[in-house]
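Tertiary structure, described
What follows is the residue order along each chain.
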Amino acid sequence: MGWNERPLRVVVWGENRHEQVEEHVRATYPDGMHETIRQGIEGYLGAAVEVSTATLDQPEHGLTAERLASTDVLVWWGHAAHGEVRDDVVERVHQRVLEGMGLVVLHSGHWSKLFVKLMGTTCTLRWRSEHDRELVWTVNPTHPIARGVPNPIVIPEQEMYGEFFDVPVPDELIFISSFSGGEVFRSGMTFRRGHGKIFFFSPGDQDFPVYHHPDVRRVIANGVDWVAPALPAPALPTLLRYDSGEFFDGHDYRGAMNEEDRVSHS
């Protein structure tokens, strides 16, 4: 269990569009990729988590303010409909990450509005979808996300993601992938934004059964566990003013001074 002795509340968000219109995707993920990802997380973390799902076509994309307020970790997969995600929902999720909600971004979620906003870069990369073999090499074996993961993870068929990947220098680089075409890619890395922790993991595409791969499932479950909130309650960093010679404990603080306060303190 986590700091508050209850299961982590995890929401797996999936676009759920390919599964509706492409027969080969539906055959691989008959209940949707989001459901397969959910099962993988539960399979490894068991009673330590309570995992539910949300999809693009639900009201407010399944991410209402009330639901996000009770979410510890959000897992995000999107691809074909990034532009359909409402900006107000993106802002709502972004705020929760800054407050401390953990975020796991998978595969083509690199180009989601949410991830681009959090990174502040284009998040573009090279790609090729031609049944490439992917080898996922662990470059930080001491990191908790690499716990129990073979080196390398062998994925027989996968979409190629290659450098240059336009993201900020990560806080931690955990995995690097190599492909049959000779390309390499920083496939597992972490970032911190505000009080929130973010894990990006690239393996996983709608055309291949990657989310059924036991080692990929283990990495995602490890990532969910690692990004879990470190604070007992969500909170944004606060602007504080205090006078010299005082130890400020927040007593009677009401936020940054307005013009009337400045006059009274002058």
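The following paragraphs examine the structure supplied in this document. Everything numeric here is computed off the predicted structure, so don't read it as measured data.

The rules behind these values
Residues numbered from 1 in each chain as written. Predicted model: local features only at pLDDT ≥ 70, side-chain atom pairs only at ≥ 80, totals over all residues. Heavy atoms only, no water. Pairing = 2+ DSSP bridges. Helix = DSSP H or I, 4+ residues; strand = E, 2+ residues; numbered from the N terminus. Axes fitted to C-alpha atoms, helices over the stretch in contact; angles between N-to-C directions. Contact = heavy atoms within 4.5 Å. Buried < 20%, exposed > 50% of the residue type's maximum accessible area, 1.4 Å probe, protein only. Polar contact = N/O pair within 3.5 Å; in protein donor to acceptor, adjacent residues only side chain to side chain.

**Observations concerning the sheet that holds strand 7 (residues 172-179)**
Strand order in this open sheet of 9 strands is 2-1-3-4-9-8-7-5-6, and the pairing throughout is mixed. With partners counted over all chains shown, the strands left at the sheet margins are strand 2 (49-55) and strand 6 (153-162), one partner each. Averaged over all pairs of adjacent strands, the angle between their axes in this sheet comes to 25°, without regard to strand direction. Sheet analysis places strand 4 (residues 102-106) next to strand 9 (residues 196-201), joined by 4 bridges and oriented parallel. Bridge assignment links Leu103 to a residue of strand 9, and that residue is Ile198. Contacts between helix 3 (residues 33-45) and the sheet are confined to strand 1 (8-14), strand 2, strand 3 (73-77) and strand 4, with strand 2 contributing the most and set at about 175° to the helix. The strands touched by helix 5 (residues 87-99) are strand 3, strand 4, strand 8 (184-193) and strand 9; relative to strand 9, the strand with the most contacts, the crossing angle is about 115°.

**Some details on the side chain of Asp72**
Following the sequence through the fold, Asp72 ends up in the loop between helix 4 (65-69) and strand 3. By relative accessible area, which is 6% here, Asp72 ends up buried. A distance of 2.7 Å separates the side chain of Asp72 from the side chain of Arg6, its partner in a polar contact. A polar contact is formed between the side chain of Asp72 and the backbone nitrogen of Arg9, at a distance of 2.8 Å. Those residues in contact with Asp72, other than ones at most four positions away along the chain, are Arg6, Pro7, Leu8, Arg9, Met101, Gly102 and Pro229.

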